[in-house]
Amino acid sequence: MKALTRLATVLAPLALVACATTGGGTAGNSKPAPEHKPQPEAIAKPAAPKVSPYAPAQEDVSKRGDYVAGGLFRPGEADTVPDEIPDVDAIPEPEVRAEPRSRAGNRDYAVLGKRYQVLDNHSGYVEEGQASYYGKKFHGRLTSNQEVYDMYAFTAAHKSLPLPSFARVTNLDNGKSVVVRVNDRGPFHKGRIIDLSYAAAVKLGYRDKGVANVRVEALSPEDAKAGTGTKAGGDKQNTATAMDKLVEQLPQAARVAGEDAYRFDMHRDGKVMTADEFDAWMQSRRVRVATGKPGKPDAVKLEVAQAQPAVAVPPAAVAPATPATTPGTVTLQVASFANPQNAQHALALLQDAAIARAQLLDADINGKKIWRLRIGPVTEASAPELAARIVGLGFGQPQRVRD
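Cut-offs used in this document
- Residues numbered from 1 in each chain as written.
- Predicted model: local features only at pLDDT ≥ 70, side-chain atom pairs only at ≥ 80, totals over all residues.
- Heavy atoms only, no water.
- Buried < 20%, exposed > 50% of the residue type's maximum accessible area, 1.4 Å probe, protein only.
- Helix = DSSP H or I, 4+ residues; strand = E, 2+ residues; numbered from the N terminus.
- Pairing = 2+ DSSP bridges.
- Salt bridge = Lys/Arg side-chain N within 4 Å of Asp/Glu carboxyl O.
- Core = buried A, V, L, I, M, F, W, Y, C linked by side-chain atoms within 4.5 Å.
- Contact = heavy atoms within 4.5 Å.

Colleague: What is the right way to look at the pairing of strand E13 (residues 329-337) in this model?
Modeller: If a strand is regular, its side chains alternate between the two faces of the sheet. Within E13, nine of the nine residues are buried, which leaves it mostly tucked inside the rest of the structure. Alignment of E13 against strand E15 (residues 368-379), held across seven bridges, turns out to be antiparallel. The residue bridging Thr-329 from the neighbouring strand is Thr-379, located in E15. Direction of pairing for E13 relative to strand E16 (residues 399-401): antiparallel, over a ladder of three bridges. Across the sheet, residue Thr-331 finds its bridge partner in E16, namely Val-401.

If you want it as structure tokens, here you go:
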């Protein structure tokens, strides 16, 4: 026992020396402790995509068919909306991406005797007018491109945009906007340019009102990456509107070499113009068919045209706002342009057709300059005839605006 006690007494100091030199790397032949390496920080995982709290709509087979002559679905049945307000902040906006055109819903068509053309190229498309929305009556019904209409998704119906395509819709009364996926045709009520889903209408704040003044801007994947109307890097770009492209493609009169006469290109947007379209085009320029002799405009029309006040002004001097309308009058908006030269060209067409009170008004929309071509104020009684003349010149149906 004494031997064990003596051995413990000898080993104790050695143990203390060992503890004192651990990790020092200088005592005797001891090796330095391995260097401590910090653990790499956890790589942040990308946020999971937002998932709608509402289950995707399933087709309701009871809503198949039931079209009446002309193409409307159960026109005698009123549309309704749910009592509850959906949580639209929880519903994801559709991802703007390149999708092939649907096999259904992309041919020119007719509804209520009026023909509609699907746009071949919707790049730069911008339009302003009234939006409506549709709800329970159509929920679960197949859309024009054979998808199921879901009133709890951000979708829309449009008369001429390709199916499917994407657009940003902005409520001009409150500035709210939403990206929608266009997968249906409509609306076919006069004065309306787009039908939004119930959820999209709630998002834009016009559920109770039923209609809203909106701007529709077609979107491409490039727009989504760079931001609508802005290039990557923040530089503003002057995106041409659909009306810009239309004006650029209007047929131009060309003087025949060696003759004092004109010949014309009878095509517009790759299609042959109708006789009425061609007549309206010539009358707007006061030009007659080539006969080998110079044509002269009718004296009466020329006199009227010359009597109109000169309203063509350079873009820098464009009026900043529409003059206020008086009771019993309206202002007609013909088109919007991103290109001031095209806007001036369109204004000249109206002036050449002896249409008075035509003017260009500039506006700054989300940092993008546009020029609105408007006519008025004019009397309510004269508006229908004036609108028909405008359409005859190759423009779309003008919208009534009340500023």
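Colleague: Teacher, can you tell me more about the pattern of salt bridges here?
Modeller: Working definition: two side chains of opposite charge can pair if their charged atoms are close together. One pass over the structure, following the stated rule, counts 12 salt bridges. We note a salt bridge from Glu-217 to Arg-215, for which the minimum N-O separation is 3.6 Å. Here Arg-400 and Glu-380 are joined by a salt bridge, their closest N and O atoms 2.6 Å apart. Within this pair, whereas Arg-400 is found in strand E16, its partner Glu-380 is found in the loop between E15 and helix H8 (383-392), the two being separated by 20 residues in sequence. Given the relative accessible area of 44%, Arg-400 is considered partly exposed. Among the charged side chains, a network of salt bridges with common partners joins Arg-97, Glu-99, Glu-147 and Arg-181.

Colleague: Could you clarify how one ought to interpret the nonpolar core in this entry?
Modeller: Among soluble globular proteins, nonpolar side chains are generally buried collectively. Judged by nonpolar contacts, the single largest core of 33 residues is most densely connected at Val-180, Ile-194 and Leu-196. Breaking this core down by element, the ones donating at least two residues are strand E3 (126-134), strand E4 (155-158), strand E5 (165-171), strand E6 (177-184), strand E7 (192-197), helix H2 (198-204) and strand E8 (212-219). For this core, the leading source of residues is H2, giving six residues. Setting aside residues up to four positions removed in sequence, Ile-194 forms contacts with Gln-130, Ala-131, Ser-132, Ala-156, Ala-157, His-158, Val-169, Pro-187, Val-214 and Val-216.

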